[in-house]
There are 2 protein chains.
Amino acid sequence: MSGLSEARSEQTGPTQSWRQATSDAASPRERILAAAAHLFCHEGFAATGVDAIVAQAGAAKTTLYKHFESKEQLIDAVLEREGAAWRRWFFGKLGALRGDARARLLAVFDVLEIWFADPEFYGCPFINAIAEFDTGDERIRAAAAAHKAHLFAWLKAQALECGDSAPDETARQMVVLIDGAIVAAQGARDPSFARTAKGLASIRLEARPDL
Amino acid sequence: MSGLSEARSEQTGPTQSWRQATSDAASPRERILAAAAHLFCHEGFAATGVDAIVAQAGAAKTTLYKHFESKEQLIDAVLEREGAAWRRWFFGKLGALRGDARARLLAVFDVLEIWFADPEFYGCPFINAIAEFDTGDERIRAAAAAHKAHLFAWLKAQALECGDSAPDETARQMVVLIDGAIVAAQGARDPSFARTAKGLASIRLEARPDL
DNA sequence: GGCTGATCATACAGACCTGTTTGTTTAGAG
DNA sequence: CTCTAAACAAACAGGTCTGTATGATCAGCC
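Residues numbered from 1 in each chain as written. Chains lettered and ligands numbered in written order. Predicted model: local features only at pLDDT ≥ 70, side-chain atom pairs only at ≥ 80, totals over all residues. Heavy atoms only, no water.

Chemist: Is there a simple way to explain the overall build of chain A in this structure?
Modeler: If you tally the helices and strands in chain A, you get nine helices and zero strands. In sequence order, chain A lays out its α and β elements as α-α-α-α-α-α-α-α-α. For chain A, the residues scored as buried account for 50% of the 211 residues in total. Within chain A, contacts between residues separated by at least 24 positions form 65% of all contacts whose residues are at least 6 apart in sequence. Surface accessibility of chain A: about 9400 Å² in total, with carbon and sulfur atoms responsible for 54%. (Helix = DSSP H or I, 4+ residues; strand = E, 2+ residues; numbered from the N terminus. Buried < 20%, exposed > 50% of the residue type's maximum accessible area, 1.4 Å probe, protein only. Contact = heavy atoms within 4.5 Å. Areas by Shrake-Rupley, 256 points an atom, 1.4 Å probe, with all protein chains shown as cover.)

Chemist: Would you mind showing me how to read the protein's contact with DNA strand D here?
Modeler: Looking at DNA strand D, there are 19 residues lining it, with V50, K61, T62, Y65 and K71 of chain B nearest. Close to the protein, within 4 Å, the atoms of DNA strand D are drawn from sugar and phosphate at a rate of 55%. A distance of 3.1 Å separates a phosphate oxygen of DNA strand D from a polar side-chain atom of R31 of chain A. In this structure, a base nitrogen belonging to DNA strand D sits 3.4 Å away from a side-chain N or O atom of T62 of chain A. If you list the elements that add at least two residues to the surface near DNA strand D, you get α1 (28-43) and α3 (61-67) of chain A together with α3 (50-57) and α4 (61-67) of chain B. (Near = heavy atom within 4 Å. Polar contact = N/O pair within 3.5 Å; in protein donor to acceptor, adjacent residues only side chain to side chain.)

Chemist: Help me understand the protein's contact with DNA strand C, please; the structure alone is not making it clear to me.
Modeler: In the vicinity of DNA strand C lie 18 residues, with V50, D51, K61, T62 and K71 of chain A positioned nearest. R31 of chain B places a polar side-chain atom, nitrogen or oxygen, 3.0 Å from a phosphate oxygen of DNA strand C. At 3.4 Å from a phosphate oxygen of DNA strand C is found a side-chain nitrogen or oxygen belonging to H67 of chain B. Breaking the surface near DNA strand C down by element, the ones donating at least two residues are α2 (50-57) and α3 of chain A together with α2 (28-43) and α4 of chain B. If you tally residues by element for the surface near DNA strand C, the top one is α4 of chain B, at four residues.

Chemist: Quick question: what am I supposed to make of the pattern of salt bridges here?
Modeler: Pairs can form between side chains of opposite charge whenever their charged atoms are close. All names here are of chain B. Tallied over the full model, the rule gives 28 salt bridges over all chains. The partner of D179 in a salt bridge is K148, and the shortest N-O contact between them spans 3.2 Å. Of this pair, D179 sits in helix α9 (residues 167-188) while K148 sits in helix α8 (residues 138-161), and the two are 31 residues apart along the sequence. The exposure class of K148 is partly exposed, given its relative accessible area of 22%. We note a salt bridge from D168 to K156, for which the minimum N-O separation is 3.2 Å. (Salt bridge = Lys/Arg side-chain N within 4 Å of Asp/Glu carboxyl O.)

Chemist: Where do I start with the interface of chain B and chain A in this structure?
Modeler: Interface size is commonly expressed as the accessible surface area that is lost when the partners come together. With 40 residues of chain B at the contact, the number on the chain A side is 40 residues. Summed over both sides, the interface between chain B and chain A buries roughly 3400 Å², with carbon and sulfur atoms accounting for 58% of that surface. Together, D134, R172 and V176 of chain B form the three largest contributors to the area buried by chain B at its contact with chain A, with a combined 17%. Linking chain B with chain A are two salt bridges, by the criterion used here. Inspection of the region where chain B meets chain A yields 14 residue pairs in polar contact (both at pLDDT 80 or more). Elements represented by at least two residues in the side of chain B that touches chain A include exactly α2, α7 (125-132), α8, α9 and α10 (193-206) of chain B. Element by element, the count of residues in the side of chain B that touches chain A is highest for α9 of chain B, at 12 residues. When the residues that make up the side of chain B that touches chain A are grouped by side-chain class, the tally is 18 nonpolar, 11 polar and 11 charged. (Buried area = accessible area lost by both parts, 1.4 Å probe. Nonpolar A, V, L, I, M, F, W, Y, C, P; charged D, E, K, R; others polar.)

Chemist: Which parts of the structure should I look at to understand the relation of the copies chain B and chain A?
Modeler: Turning one copy of the chain about an axis and sliding it along that axis gives the other copy, so a rotation and a shift relate them. Relative to chain A, chain B is turned by 180° and slid 0.0 Å along the rotation axis, the superposed coordinates differing by an RMSD of 0.1 Å. Seen this way, the second copy is the image of the first under a two-fold rotation axis. Minimal C-alpha separation from the rotation axis in chain B is found for G180 of chain B, amounting to 1.7 Å. Residue by residue, 100% of the interface of chain B is reproduced at the interface of chain A, so both copies engage with the same surface. (Least-squares fit on C-alpha atoms with pLDDT ≥ 70 in both.)

Chemist: I would appreciate a short explanation of the packing of helix α5 (residues 71-95) of chain B against helix α6 (residues 101-117) of chain B in the present structure.
Modeler: A pair of packed helices can be characterised by two numbers: the angle between their axes and the separation between those axes. All names here are of chain B. At a minimum axis separation of 9 Å, α5 and α6 run at an interaxial angle of 130°. Relative to α6, the element α5 lies oblique. Here the hand of the crossing between α5 and α6 comes out right-handed. Here W86, W89, F90, K93 and L94 of α5 lie close against α6, whose contacting residues are R104, A107, V108, V111, L112, I114 and W115. In terms of residue class, the contact of α5 with α6 is made up of 10 nonpolar, no polar and two charged. (Axes fitted to C-alpha atoms, helices over the stretch in contact; angles between N-to-C directions. Parallel < 35°, antiparallel > 145°, perpendicular 65-115°, else oblique. Left-handed = near helix turned anticlockwise from the far one by under 90°.)

Structural measurements only, silent on function.
In structure tokens form, the structure reads like this:
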């Protein structure tokens with residue numbers, strides 16, 4: 001009779017995913033963000049309506065508009081949250097490894113493969129957002145650039161720690177390999193493209209013994 | 001002078017873009033397809049309405065629905081046309097080159113950079129479509145897979161001609177580099193990512209002297 | 001001229017979208 | 001228990017979307 005919680009308890013359970021399962025008891029704001037992230041990234045930003053989001057979140061539309069001014073701002077919040085959560089998970093995994101910077105650079109692709117193998121994997125939200133909003137919405141481009149800047153900074157720091165004489169170029173190359181692995185794995189639904197990219201990274205790092 | 005290469009460079013034409021400028025006198029069907037391609041890829045598939053397409057095409061909505069059953073089928077037709085036109089241009093440019101297969105594999109990234117530098121560059125329509133329709137619409141995934149299969153077959157043929165002992169893996173690596181260059185160039189609006197990817201390809205091809 | 005088929009222009013139907021309004025229900029603090 | 005703030009439910013307003021229906025216009029061909 002309550003009808004309140006029926007829609008909330010659908011994606012619980014222990015998860016091996018990179019993302020923590022969203023608790024049923026989470027705040028409405030968190031439930032809305034989680035549902036919006038799921039739907040935006042699977043069905044598309046424009047194709048996902050706020051009604052579908054609140055339905056999946058088990059929330060009321062008034063609640064959504066109390067926490068977010070508009071759908072556009074909800075998209076911004078989702079991207080920021082997804083980016084932060086992903087970076088926490090990604091750099092956390094990498095930081096927990098033993099080994100030197102070169103080993104960490106190669107381990108990037110092992111962590112990517114774990115990500116790709118998640119049955120919920122839907123690609124990089126920023127790549128997807130840029131693909132959908134090529135023109136217009138410059139704020140989305142800025143959010144994507146900020147995310148990429150975090151990644152780039154980390155990659156460059158690893159290259160510097162390796163003693164790389166051209167850390168910027170090395171970081172750019174790693175960005176190309178990471179983006180390429182993401183897109184290829186997403187398109188073909190084949191996580192092993194992470195290993196393909198790792199092979200290239202390995203050759204690249206071996207080819208420069210000054211690293 | 002050289003009548004041999006003339007037949008292969010037929011696609012370049014007087015326009016500086018990879019795509020022929022669509023003549024105003026083209027058939028309504030062609031105008032609709034061109035306008036739809038432009039709008040779909042710049043504004044997004046879901047965000048582009050048929051009214052905007054016919055307005056830009058200078059056509060009537062009835063004409064659009066006489067040629068295409070639905071917007072969904074129009075998307076299919078646009079993807080097929082875009083893919084065919086791009087492959088004609090891309091492989092045409094590469095086929096016109098002198099040099100062996102290894103040189104052609106490296107030239108891939110020079111041609112990509114020309115593409116990226118087009119002010120109308122909006123990324124790969126198939127990557128963008130997959131990003132927007134992650135779930136649902138399996139026909140779009142099939143169209144993207146067919147396009148990628150063409151590219152993969154060409155890359156593998158070049159690798160075979162090089163005497164590569166693992167042409168499949170080499171072609172996969174090139175796919176990763178191409179996809180990564182496309183996405184990085186699109187996201188940062190920086191065509192030079194083609195050269196970044198070329199550097200990796202070069203190292204990869206040099207690292208295997210058996211090629 | 002008169003016929004034909006394609007295209008154009010406009011209005012429309014029904015569904016869906018974003019965002020708001022109104023009022024009810026719930027949960028926690030004093 | 002009372003008070004309060006948040007969340008819920010449902011209807012609504014105004015706009016936009018896909019796709020259709022209805023004619024008008026135009027080009028070519030007899």
